[in-house]
Amino acid sequence: AQSVAQPEDQVNVAEGNPLTVKCTYSVSGNPYLFWYVQYPNRGLQFLLKYITGDNLVKGSYGFEAEFNKSQTSFHLKKPSALVSDSALYFCAPFYNQGGKLIFGQGTELSVKP
Amino acid sequence: NAGVTQTPKFRILKIGQSMTLQCTQDMNHNYMYWYRQDPGMGLKLIYYSVGAGITDKGEVPNGYNVSRSTTEDFPLRLELAAPSQTSVYFCASSSGQGVGYTFGSGTRLTVV
């Protein structure tokens, strides 16, 4: 079955510290993997995606994500968090069978000064 | 460049009323989607379309209908509104499979 899991409902980080938002996906073919961010009262915005190639993908706003095929994970990372990074983050694999993005339940990131 | 435009932004409906959520995109995207977002539940796909004249059900289609008469427009119809349809609704479009989606800013619907 095609599925995605974000095991943490909330992640709290101090400004300037590194952050990680976790995502694991079910193995069903080789999905493309996306991260989206949602700021309060806004639609979702694309951050980055992995299709193939280098396991470390760089995206918008200084974010990057590491693809790990053996662990079926695609964790979102940033070396130094900003208060303005506080938002809701969604992991979303795309499976060719089905042809649609499947969204995780989201992780609320809170960065405190 | 407008992207994906949703109207209205907010709406309060009474139980049993009907309404249409409008979605239009100006990027000539073939693929369009309707999602609903409930707290702690992520986004659930309601309906999607791979081109004008073609629509298909997603995970939670009950209580909704869609049409796709043009490439630009993908309205979502709610018939006989129920409190369970209180949610935030997002429309999205993409140029192809495996390509990132562009989202609208959402419609916050309350059914009382």
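Above this text you will find the structure in question.
Everything in this summary refers to the structure shown in the same document. As the structure is a computational prediction, the values presented were derived from the model and not from experiment. Per chain, the residues get numbers from 1 upward, laid out in the order the sequence is written. Whichever chain is written first is A, and whichever ligand is written first is 1; the rest continue in order. Local features in this predicted model are restricted to residues of pLDDT 70 or higher, and side-chain atom pairs are both shown and tallied only at a pLDDT of 80 or more, whereas totals for entire chains, interfaces and linings draw on every residue. Side-chain metrics in this entry use all non-hydrogen atoms of the structure; hydrogen atoms and water are not considered.

### Digging into the sheet that holds strand β3 (residues 19–25) of chain B
Whenever strands of a sheet pair, they do so through backbone hydrogen bonds, lying parallel or antiparallel. Residues and elements named next belong to chain B. Should DSSP find at least two bridges between two strands, the strands are regarded as paired. Each helix is a run of DSSP H or I of at least 4 residues and each strand a run of E of at least 2, with the numbering of both proceeding from the N terminus. Read from one edge to the other, the open sheet built from four strands follows the order β1-β3-β8-β7, with strand pairing classed as antiparallel. Sheet topology places β1 (4–7) and β7 (64–66) at the edges, where each strand pairs with a single neighbour. Shown here is a sheet whose adjacent strand axes are inclined to one another by a mean of 20 degrees, direction ignored. Bridge analysis of β3 against strand β8 (residues 76–78) gives three bridges, and the strand direction is antiparallel. Bridge pairing links M19 to L78 in β8. Every axis in this analysis is a line fitted to C-alpha atoms, fitted for helices over the stretch in contact. Angles between the N-to-C directions lie between 0 and 180 degrees.

### Overview of the environment of Q97(B)
Residues and elements named next belong to chain B. Inspection of the secondary structure puts Q97 in the loop between β9 (87–94) and β10 (102–103). On the basis of relative accessible area, Q97 is assigned to the partly exposed category, the value being 40%. In sequence terms Q97 and K57 are 40 residues apart; their C-alpha atoms lie 17 Å from each other. When a residue's accessible area, from a 1.4 Å probe over protein chains only, is under 20% of the maximum for its type it is buried; when over 50% it is exposed; and in between it is partly exposed.

### A word on the packing of aromatic side chains
All names here are of chain B. Note on aromatic contacts: the rings of Phe and Tyr and the six-membered ring of Trp form a pair at centre separations within 6.5 Å, being stacked when their planes are under 30 degrees apart, edge-to-face when over 60 apart, and tilted otherwise. In the structure shown here, the tally under the stated rule is 21 aromatic pairs over all chains. When the ring of Y101 is compared with that of F103, the centres are 6.2 Å apart and the planes differ by 40 degrees; the resulting orientation is tilted. Under the relative-accessibility criterion, Y101 is labelled buried at 4%. Judged by its relative accessible area of 9%, F103 falls in the buried class. Looking at R68, its charged tip hangs above the ring of F74, at a distance of 5.9 Å from the centre. Working rule: Lys NZ or Arg CZ, within 6 Å of ring centre, within 35 degrees of ring normal, means a charge sits over the ring.

### So, the interface of chain B and chain A
Contact criterion: two residues are considered in contact whenever any of their non-hydrogen atoms come within 4.5 Å of each other. The interface of chain B with chain A comprises 19 residues on the first partner and 20 residues on the second. Each of two parts loses accessible area, computed with a 1.4 Å probe, when they are put together; buried area is these two losses added. Around 1400 Å² of area is buried between chain B and chain A when both sides are counted, 58% of it from carbon and sulfur atoms. Think of a polar contact as two N or O atoms within 3.5 Å of one another; within protein, one of them needs to be a possible hydrogen donor and the other a possible acceptor, and neighboring residues in sequence only count if both atoms come from side chains. The interface formed by chain B and chain A holds four residue pairs in polar contact (both at pLDDT 80 or more) in total. Elements that contribute at least two residues to the side of chain B that touches chain A include exactly β4 (31–37) and β5 (43–51) of chain B. For this scheme, ten residues count as nonpolar: Ala, Val, Leu, Ile, Met, Phe, Trp, Tyr, Cys and Pro. Four count as charged, namely Asp, Glu, Lys and Arg, and the remainder, Gly too, count as polar. Class assignment for the residues of the side of chain B that touches chain A results in ten nonpolar, eight polar and one charged.

### Overview of the pattern of salt bridges
Proximity of charged atoms lets side chains of opposite charge pair with each other. All names here are of chain A. For this analysis, a salt bridge means a side-chain nitrogen from Lys or Arg found within 4 Å of a carboxyl oxygen belonging to Asp or Glu. A full pass over the atoms with the stated rule returns five salt bridges over all chains. A salt bridge links K77 to E66; its shortest N-O distance comes to 3.0 Å. Residue K77 is located in strand β9 (residues 73–78), and its partner E66 is located in strand β8 (residues 64–68); the two are separated by eleven residues in the primary sequence. Accessibility expressed as a relative area gives 26% for K77, which makes it partly exposed.

### Quick word on unusual backbone geometry
Following T7(B), the chain continues to P8(B) via a peptide bond in cis, the omega torsion being -5 degrees. In this fold, P8(B) is placed in the loop between β1 and β2 (10–13). At T72(A), a position not held by glycine, the phi torsion is positive, near 45 degrees. Among the secondary structure elements, T72(A) is positioned in the loop between β8 and β9. Its relative accessible area of 17% is what places T72(A) among the buried residues. One non-glycine residue, N28(B), lies in the positive phi region at around 60 degrees. Judged by its relative accessible area of 60%, N28(B) is exposed.

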